[in-house]
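# Report on the structure
Okay, here's what each chain looks like letter by letter:
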Amino acid sequence: MEQRQHNQSLQDQAYNALRSKIIYAELKPGTRLSAIGLEKETGIGRTPIRESFVRLREQELVETRPKSGTYVSKISMERAENACFLLIKCCSAASPEQKHRLEQILVESESLGHSETRRFFDLDNLFHETCFAIAGRHMLWDWMKSVNTHFERYNWLRMVSQDLDWEPIRRQDRRIL
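Overview of the structure. Source: prediction; values computed, not measured.

Conventions we followed
Residues numbered from 1 in each chain as written. Predicted model: local features only at pLDDT ≥ 70, side-chain atom pairs only at ≥ 80, totals over all residues. Heavy atoms only, no water. Pairing = 2+ DSSP bridges. Helix = DSSP H or I, 4+ residues; strand = E, 2+ residues; numbered from the N terminus. Buried < 20%, exposed > 50% of the residue type's maximum accessible area, 1.4 Å probe, protein only. Arc of directions from axis to C-beta. Contact = heavy atoms within 4.5 Å. Salt bridge = Lys/Arg side-chain N within 4 Å of Asp/Glu carboxyl O.

With that out of the way, let us pick up the sheet that holds strand S3 (residues 69–72). Pairing is antiparallel in the open sheet, where three strands are placed in the order S1-S3-S2. At either end of the open sheet lies a strand with only one pairing partner, and these are strand S1 (32–33) and strand S2 (62–65). Here S2 runs beside S3; their pairing, made up of four bridges, is antiparallel. By the bridge assignment for S3, Arg65 is matched with Gly69.

See below:
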């Protein structure tokens, strides 16, 4: 039993590490994944890495091509657009305290410089998560985050693109508020 819990923990570690690398484009769409290479890179065994491939495949973050291998999937714009639709549907009349919390997130976001891309990205996600929580739909946010990583990947790539102006993202969040 203890060995199984340890393996699950390693599988979770492998999954979280790979998911993060895919979301933040450290592993770009189309990249071939090697369990042996990832074992050397992460220090996690091949079995937990292969098990994490199953979870990543369920989220459509990786795809397995017969006789070829496992690859980071392309971003699905349809799935990314579905996530935007859900966010808009979850926005509801917020109390003054809830509006204040959203305002605080936006103010912190607006104070960041371009070198703080990861923090800006995290705050933008927090803003959206807070909208779902205000609408009483936090469970929907958790579900969406687990199944619609394409939206997150798309947003990250958009954030790190050269010359991306953050102002339209801020204006969009202000319109939501």
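Past the structure itself, the notes keep going.
All right, on to helix H9 (residues 167–176) then. By the burial criterion, the buried members of H9 are Ile169, Arg170 and Asp173. Around the axis of H9, the buried residues are gathered within 100 degrees of arc, so they sit on the same side. Those residues of H9 that are buried are in contact with helix H5 (96–110), helix H6 (117–134) and helix H8 (149–160).

As enumerated under the stated definition, the model contains 10 salt bridges in all. For Arg65, the salt bridge identified is with Glu63, shortest N-O distance 2.9 Å. For Arg65, a relative accessible area of 33% translates into the label partly exposed.

Here we come to the environment of Gly113. Tracing the backbone shows Gly113 in the loop between H5 and H6. When the C-alpha atoms of Gly113 and Trp166 are compared, they prove to be 9.9 Å apart, with 53 residues separating the residues in sequence.

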